[in-house]
Structures are given as structure tokens and as C-alpha cells.
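Descriptive analysis of the structure
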Amino acid sequence: MDLKFGEREEALRQQVRSFLLEHLPARDASKDARTDDEAFEAAKKFNAELGRRGWIAPAWPKEYGGLGATIYEQMVFNEEFGYYGAPDTGTRGFGVGMIGPTLIIHGNDEQKAEHLPRINSGEAIWCQGYSEPGAGSDLASLQTRAVRDGDDYVVNGQKIWTSGGHRANWMFLLARTDPDAPKHRGISFLLLDIKNTPGVQVRPLINMHNRHHFNEVFFEDVRIPRRNLVGEENRGWYVGMTLLDFERSGIGTTAAHRHTLERLAGWLQDQSAAKRDKYRAGLANLVIENNVAKYLGYRIGDMQSKGQHPNYEASVIKIFQSELGQRIYRFGVNMLGLPGQLLPEEPRALFEGEMPESYMSSVPSTIYSGSNEIQRNIIATRGLGLPRG
Ligand SMILES: Cc1cc2nc3c(=O)[nH]c(=O)nc-3n(C[C@H](O)[C@H](O)[C@H](O)COP(=O)(O)OP(=O)(O)OC[C@H]3O[C@@H](n4cnc5c(N)ncnc54)[C@H](O)[C@@H]3O)c2cc1C
């Protein structure tokens, strides 16, 4: 690995940091943009401000509205955003991280012209319609049907666990267009104007910390114009998999974990000698592991900067980081004792209730983005060359 954080990247880091300190809404774990309306509106404003600077998708090529930033510059943005807790609406995560690069590769000129500028400005808020009640890890079993009718597809079926589906104005989804083809072959990739299309019903699913983050989405005779088909009909599986290949280095999460560990260390400083003795080694271990995660993330960035395509390497960081997040927050909740378990709404909550809130958010991190068991299968087969089980 050949790390390239030089003067240019450090100057950018200072610039991004000053911007964040000036423009970020006050940090408050009770007001997560994913679940709180007020925080969501603040995140929209923040994204619009980023958009004005060309900082939503800085690494995109200039012809698509990006700044043509290097992977290392992109990592600087991700680290600073992660450390300072920059909120998102679905524009950066699903828009820049997933559908934008997919359209750059598979979209036609009209689709790029319609969607990429709206991602760059922060206006487009995307959600992902992949999972169904009977299709998660085995995604190709999906049953949502899209049938051609004149210039439209008529879509019927159901998606589940749709993060931010109640806030999004667009959804990218996979639907079966040929039920007789082998299961990976009869799937198409469609774009749905989710707010303005009749027949779409978004129903809340309340998560274990009693927040509304994900949804079930039902389609009843939903008409999607054929111009919203990305790539070829029945070849959507390959378009959909391109999207999943846009694995990120996870460097923003590592920076967010560093912020948490610094908070915990600061708190421990002021405790009794007995308490410090009890927790100092555990905290030091977590800091070491977080540095390991940082370098695993840099390795992904370094590969991308050399035009290589991270594959099982991205699975390594996904497993390591999600399991480390669970260890960090479990440690934090234990170390802070009873006040550390108070939720953000409680006036006496420590760190605005960050620890229990993040602890609960860390639980599903080993399930989403491809469960850790599936990631281990990828490492075994593609990384170690073992036969499929
Ligand atoms: C917080 C959260 C947000 C999400 N957001 C979205 C979203 O926005 N859009 C979307 O489309 N989906 C979303 N998902 C869904 C997510 O992608 C699925 O939950 C995930 O793919 C697992 O599918 P499943 O829940 O059907 O579990 P299953 O696939 O039924 O798996 C159940 C268990 O069996 C294990 N397993 C399955 N197959 C294998 C195998 N071959 N080898 C070994 N073990 C196996 C799994 O690891 C898991 O432990 C979200 C999920 C969560 C938790």
C-alpha cells in the first residue's frame, strides 16, 4: 500500500473541517436525520450547501458534475464527514454511493442528464428497493413482477426493509420481467418516481429503538415508463450487482468510531483510579482495532486509486468494522454504567444518549449490505479459492 496523503490532502482536510464546524447542525443523537423530521430538514439544507460547493460527489468526473477529485481526496471528505457526524438524507449514501455510479456505467444519456445533476444538488433523495419478504441474501428469488404494457411496465409486488423509503423521492428497484427465465436472467432494473406515482404504498416498520427508519413498500399496478429501465430488459441482475460492487472503504465509519472512542477516553479521564484501571486496557484494545480498520479502509482506497477492483477485500473491512462497532458500543454502554444507558430523550443522558442509540444501531450492521455470513462466503470462495459450500 502506498498512502498518498500529502500537503494537498491536508489542506483540503482543513478546508472541509472549517466548513463542517461552520455549517453542521449541533450534534444530537436524539435527532438523527434518518428518523427525525427536523433533523432531516437540517440535513437537506446541509446537503444543499455541500451541493453549492460541488462537494456532494467530488470524485465524480467533471462531465457528470463532480470535481474529478482523487480517491485520496474523497477519503478526506469521508473521514471528516464521519468524524464530525455529517448527516445525510439518502442523497450521498444511496445517490452518490450507489445509483449515481451505476447510471454513469449503465444509464443512457437521458437518464444521466435527468438524475445526476439532481444528486449533485442534494435534491434527489434515493432509496433502494431490493429486499423482499422471501428474498434477502438470496436476492435473485425476488417475486415483484413488472409486465410490459405499451410504453410502461406495470409493477406489482412488495419490497421490505426499505431504509428512508418514506422520505425518498426516487427508488431504484429490481423486478422480475421474465418469470420463465432462470432466476438471475429474468430481472430488470427500474427507476421509480416514488412520490408521484399512483399505486405505491409506503408503510412504516418501527425498529428496535422505536424509530421509523425502514419501511415496507407495496406496488399495486404501478406504471413505470419504459424510459426508466436501466440497461437491457432481463439483464437487470448485472446492473444491480454493479451497484453492490460500489463498496466503500468504510473510512467514514472508522472516523466516527474514533470520535466515540475519544469521547469515552475523555470521560474516563475524570473517573476514579479504580474505574480507570478497570477500563483502560479494554479501551486501548478498541483503539488498536480501530486503527486496524482504518488501514483496511485505506487499502481499499489505495486499490481503487490504482484502478484495481476491491472484491473480497471489501468483505474483510465490512466484517471487521461492523463487528468492531458492536464491540465499541457494547463496551461504551458497560463502562458508562446506568446513566450511559439513558436514551437521547432523557435529560440526564450522557453524550446526548449516543451510546445506547449507537449500540442498537450497531446490531443490524452485521445484517445489512450483505450479511456477515455472506461476506465470509465471499472471502472463502473469491479470496481463498475454496469451493462453494
Ligand atoms: C437496518 C437495515 C436496513 C436495510 N435497508 C435495506 C434497504 O434500504 N433496501 C433493501 O433492499 N434492503 C435493506 N435491508 C435488507 C438487507 O439487505 C437484508 O436484511 C439482508 O440482505 C439479509 O436478508 P434477510 O433479512 O432476508 O435474511 P436471510 O437472507 O433470510 O438470512 C437469514 C440468516 O441466514 C444467513 N444466511 C443466508 N444465506 C446464507 C448462506 N448462503 N450462507 C450462510 N448463511 C446464510 C444470513 O447471514 C442470516 O444470518 C436492510 C436491512 C437492515 C437490517
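Bear in mind that the values here come from a model prediction, so they are computed numbers and not experimental data.

What counts and what doesn't
- Residues numbered from 1 in each chain as written.
- Predicted model: local features only at pLDDT ≥ 70, side-chain atom pairs only at ≥ 80, totals over all residues.
- Domains from an automatic or database assignment.
- Contact = placed C-beta atoms within 7 Å.
- Nonpolar A, V, L, I, M, F, W, Y, C, P; charged D, E, K, R; others polar.
- Helix = DSSP H or I, 4+ residues; strand = E, 2+ residues; numbered from the N terminus.
- Near = placed C-beta within 6 Å.
- Buried ≥ 20, exposed ≤ 12 C-beta atoms within 10 Å, placed from the backbone.
- Core = buried A, V, L, I, M, F, W, Y, C linked by C-beta atoms within 7 Å.

A look at the domain arrangement of the protein chain
Taken domain by domain, the protein chain holds domain 1 (7–89), domain 2 (127–237) and domain 3 (251–383). Contact with domain 1, which involves 14 residues of that partner, is made by 16 residues of domain 3. Split into classes, the residues belonging to the side of domain 1 that touches domain 3 amount to six nonpolar, five polar and three charged.

Here we look at the environment of Phe-214
The topology assignment puts Phe-214 in strand β7 (residues 212–225). Residues Phe-214 and Gly-134, spaced 80 residues apart in sequence, show a C-alpha to C-alpha distance of 17 Å. Sequence-distant contacts of Phe-214, that is, excluding residues within four places in its chain, are made with Trp-161, Thr-162, Ser-163, Gly-165, Leu-205 and Asn-207.

Side note on the site of the ligand
Neighbouring the ligand are 18 residues; Tyr-130, Gly-136, Ser-137, Ser-371 and Glu-373 lie closest to it. Only β1 (126–129) and α11 (372–383) provide two or more residues apiece to the shell around the ligand. Looking at the shell around the ligand residue by residue, the class counts come to eight nonpolar, nine polar and one charged. Looking at which domains feed residues into the shell around the ligand, each of domain 2 (127–237) and domain 3 (251–383) supplies at least three.

A word on unusual backbone geometry
What is expected of a backbone is that most residues other than glycine have negative phi and most peptide bonds are trans. Phi is positive for Trp-161, which is not a glycine, with a value near 60°. Position of Trp-161 relative to the elements: it lies in the loop between β3 (152–159) and β4 (170–176). The exposure class of Trp-161 is buried, given the 22 C-beta atoms found within 10 Å. With phi around 50°, Asp-221 is a residue other than glycine that occupies positive phi space. Exposure remark for Asp-221: the 11 C-beta atoms within 10 Å place this residue in the exposed category.

As for the nonpolar core
Core analysis: the largest hydrophobic core is formed by 53 residues, its most contacted members being Trp-126, Trp-170, Met-171, Leu-190 and Leu-192. With six residues, the single largest contributor to this core is β4.

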